[in-house]
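# Tertiary structure, described
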Amino acid sequence: MNVLVILIPVSLLLGAGGLAAFFWALRNRQFEDPEGDARRILTRDYDERPKAPRE
Amino acid sequence: MSGPAAPSACPACVAAPAARDRAGAGEIGGNIILSLPTAHCAACISAVERRLEQEPGVRAARVNLTLRRVTIDAEETLSPAHLVNVLAGIGYEAHELDSTTLAATETDRRGRDLLMRLAVAGFAMMNVMMLSVAVWSGASDTTRDLFHWVSAFVAVPAVIFAARPFFDNAWSALRVRRLNMDVPISLAIILATVMSLYETSLGGKHAYFDAALSLTFFLLAGRYLDYRTRSVARSAAEELAALEVPRALLESGESVAVADLRPGDRVRVLPGTRVPVDGEVEEGESELDRSLLTGESLPVAVGPGQRLNAGEMNLTGPLVLRVQAAGEDSSLRRMAELVALAETSRNRYTSLADRAAAVYAPLVHLLALFAFAGWYAATGDIRLSVNIAVAVLIITCPCALGLAVPAVTTAASGRLFRAGMLIKSPTALERLAEADTVVFDKTGTLTLGQPEPVGIEEHRRTDLAVARALAEGSGHPLSQALCGAIRAAGIAPAALDEIREVPGHGVEAVWQGRRVRLGRADWVGAAPAGGTAAYLAIDGQAPVIFAFSDRLRPGAAALVQGLKRRGLDVILLSGDAPAAVADVAVRTGIEAWEAEMLPADKAARIAMLAKSGRRVLMVGDGLNDTAALASAHVSISPASALEAARVVSDIVLLGASLEPVEEALATARAATRRIKENFTIAALYNMIAVPVALAGLATPLAAALAMSGSSIMVSLNALRLVRR
């Protein structure tokens, strides 16, 4: 049963990693415009990288 | 964990200052927001963004297609009106949305907050469930205890964070000594967690951490669905409201907010604009369209000394107005008070969910208490009795009930949104399903409020050619309708000289050396005919009469027929003259109609119907309908309605057609039926589960199975509404 000592923390960490990624996405407003984002992949405008931050 | 973003967990801190971070992900801290109702594809996005970014002074522009908006980061000096024109230049309709900016970020924040809690609950639920499966499949002794402790380690903080909205709601209900659905929910979650913690510390067999978390997860999912449905409707309704920014033009040419006007100010009202305040005409002559205020379809002539009310539309000549009443004692304000009075009566409606909760919550608590008392009396074992009481609470926790309503309203609202309707009130569907009487307004609701010439082909071609040339010289709605109809008949305009418009009277010109006039009967020297008409006089010829009738809104007659087929009573209440009302009543097939009604009369008539036990659906668009809309059981207004009317109605029709109303009614009835079915499913499940729990036979596994099973059944039942 010693394998549990490794596996349980690992599974928790992986889950927490997923949660953190979701939080990051939410904070960065990745879910702000699902419809627009779905269409944007069809345009040639931003293929290389996201728009440069304004400065 | 969130990279460059602020380290704080508070969503409020994230929303405000992190504009630069967001720009990296494509979001812009813009200072101008425009609504783009016609944008719909990838090409629209790049066309709008590219054009705006070419504009000097625009730093960045980002289209949000979900909300049909564009957020623009521009220099302070750039005016939104200029950008609206720029977009109009490439064929996109745009409207300024400044006042709603704050409200929009506010609602976004709530949605993200709920989503975050939902994610935490989901993560914790899955991990704890994984450990629970091991326990259920036979882990024992130290392994079981270890698993329980790990579960507790994950579950306790997760429950405290994720279930906060329920605790807050339950507490605010308890503070005013009321019970809502959140009270049994919170109690079940808290008791399940605390009892499991206690059992774990004693090395007990059963822990309900997974149940506490899956309850939280499912219920949060319901909450989020509910929120999403309403926020889509709300933001669209806000856009409609923000389209009219109330401003007035002072005589000096300066544009000021209506709120800043003082009695005695002189205001200029240009043709084609609305009268911004109550006042008296000082200079100028014109005709006014009062249909939104009174329902009259005929334009009224006005001149110096006459009193105007805010909201009327100036048709032909410029007017100068002395402000008589602004703010408190204007006619708009009095109307608003009437509406406020009517609103309070409707707020008493309690939703199906609340009614169910009022019965359900006390019952559940009594059952749990009864289980505890019974087992304690029988065995004298407090720990066992508490365990069973908690099992009863968990099993009866209205998980399916919590999903029953939002799942159905989400499905129904989505369906209606695609059909061109916005559901503004959360209980609108339930109330709509109960409607048994439909009251229509005439002008602007059953009709488009746009006159249409009748019998054009009966006139001589030369008359029509002259009429078209004259009509082209005027912006009056009758002229424009006439011009459009003659153009459609394929008749070219005659060549005229010296065309000039006489405000409040008509258009005059010279044709082949003869004087010709198109306008009011007395001005051209014709005998007035009944109904709406324009008169053409050619020197040396008898005057020609062009009769107009108000065009029916598409789908109006079909809707009335459909409603009658469904067995609803249809009534037409209008402020217009009896002849015009009778005409529309005949064309749509409505037998019961009343004309020349004042706004208060309409509201009183609806109150009378309500008193005789009728549930009234009011469909109206004008200021004269707002009180009636507010006092009706449920109300619908077209998107062309005045802002005040749209604000008080529960459902807004986005398209021009009335046809979707019947679909709304059918969907509302189906939705209410589904909600009741869902309640039945939940009740059936309780009937089976409660005796098992009372008998002390419920294990955490049984609770988890039953809970997920009923939740899934309820959701699937709701989804049946989407197809069909």
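Residues numbered from 1 in each chain as written. Chains lettered and ligands numbered in written order. Predicted model: local features only at pLDDT ≥ 70, side-chain atom pairs only at ≥ 80, totals over all residues. Heavy atoms only, no water.

Looking only at helices and strands, chain B has 26 helices and 26 strands in total. When burial is assessed residue by residue, chain B has 52% of its 724 residues classed as buried. Sequence-distant contacts, at least 24 apart, represent 68% of the contacts inside chain B between residues at least 6 apart. Summing over all exposed atoms, chain B offers an accessible surface of approximately 30800 Å²; the carbon and sulfur share of this is 59%. (Helix = DSSP H or I, 4+ residues; strand = E, 2+ residues; numbered from the N terminus. Buried < 20%, exposed > 50% of the residue type's maximum accessible area, 1.4 Å probe, protein only. Contact = heavy atoms within 4.5 Å. Areas by Shrake-Rupley, 256 points an atom, 1.4 Å probe, with all protein chains shown as cover.)

Bringing the packing of helix α6 (residues 141-162) of chain B against helix α8 (residues 182-201) of chain B into the picture now. Any two packed helices are characterised by how steeply their axes cross, that is the angle between the axes, and by the distance between the axes. All names here are of chain B. In contact at an axis separation of 10 Å, α6 and α8 are set at 155 degrees when each is read in the N-to-C sense. Taken together, the axes of α6 and α8 are roughly antiparallel relative to one another. The two elements α6 and α8 cross, and the hand of that crossing is left-handed. Between α6 and α8, the contacting residues are H148, W149, A152, V156 and V159 on the first element and I189, T193, L197, T200 and S201 on the second. Across the contact of α6 with α8, the residue classes break down as six nonpolar, four polar and no charged. (Axes fitted to C-alpha atoms, helices over the stretch in contact; angles between N-to-C directions. Parallel < 35°, antiparallel > 145°, perpendicular 65-115°, else oblique. Left-handed = near helix turned anticlockwise from the far one by under 90°. Nonpolar A, V, L, I, M, F, W, Y, C, P; charged D, E, K, R; others polar.)

Residues and elements named next belong to chain B. Across the sheet, which stays open at both edges, the six strands sit in the order β16-β21-β20-β19-β18-β17 with antiparallel pairing between neighbours. Of all strands in the sheet, those bounded by a partner on one side alone are β16 (447-453) and β17 (497-502). Adjacent strand axes in the sheet meet at a mean angle of 15 degrees when their direction is disregarded. Looking at chain direction, β16 and strand β21 (residues 544-552) are connected through four bridges and run antiparallel. Note that in β21 the partner of E452 across the bridge is S549. (Pairing = 2+ DSSP bridges.)

Turning next to the sheet that holds strand β1 (residues 32-35) of chain B. All names here are of chain B. On the basis of which strands lie adjacent, the open sheet formed by four strands has the order β2-β3-β1-β4 and antiparallel pairing. The open sheet is flanked by β2 (58-64) and β4 (95-96), the only strands paired with a single partner. As paired strands, β2 and strand β3 (residues 69-74) are joined by six bridges and run antiparallel to one another. Along β3, the bridge assignment pairs V63 with V70. Sitting on the sheet, helix α3 (residues 42-54) is in contact with β2 and β3, with an inclination near 165 degrees to β2. Helix α4 (residues 80-89) contacts β1, β2, β3 and β4 of the sheet and is inclined by roughly 40 degrees relative to β1.

All names here are of chain B. Tracing the backbone through its elements, the reader meets G374 in helix α12 (residues 352-379). Classification of G374 as partly exposed rests on a relative accessible area of 37%. Once the C-alpha coordinates of G374 and A389 are considered, the two residues, 15 residues apart in sequence, prove to be 9.7 Å apart.

On to helix α26 (residues 700-719) of chain B, then. Given a rise of 1.5 Å per residue, 20 residues ought to cover 28 Å, and the 29 Å separating the end C-alpha atoms of α26 of chain B matches this to within 8%. For α26 of chain B, the set of buried residues is P700, A703, A704, M707, S710, S711, V714, N717 and A718 of chain B. (Expected span 1.5 Å × (residues − 1).)

Right, let's talk about the environment of I681 of chain B for a bit. Residue and element names in this part refer to chain B. Here I681 is to be found in helix α25 (residues 660-694). Expressed as a C-alpha distance, the spacing of I681 and A404, which sit 277 residues apart in the sequence, is 9.4 Å. Discounting residues that sit within four places of it in the chain, I681 has contacts with M713, V714 and N717.

So, about the pattern of salt bridges. Residue and element names in this part refer to chain B. Going through the model one piece at a time under the given rule, you end up with 32 salt bridges over all chains. Across the pair D182 and R223 runs a salt bridge, and its minimum N-O distance is 2.8 Å. Linking D182 in helix α8 with R223 in helix α9 (residues 209-242), this pair joins segments that are 41 residues apart in sequence. For R223, a relative accessible area of 26% translates into the label partly exposed. Across the salt bridge formed by R551 and E452, the nearest N and O atoms sit 3.7 Å from each other. (Salt bridge = Lys/Arg side-chain N within 4 Å of Asp/Glu carboxyl O.)

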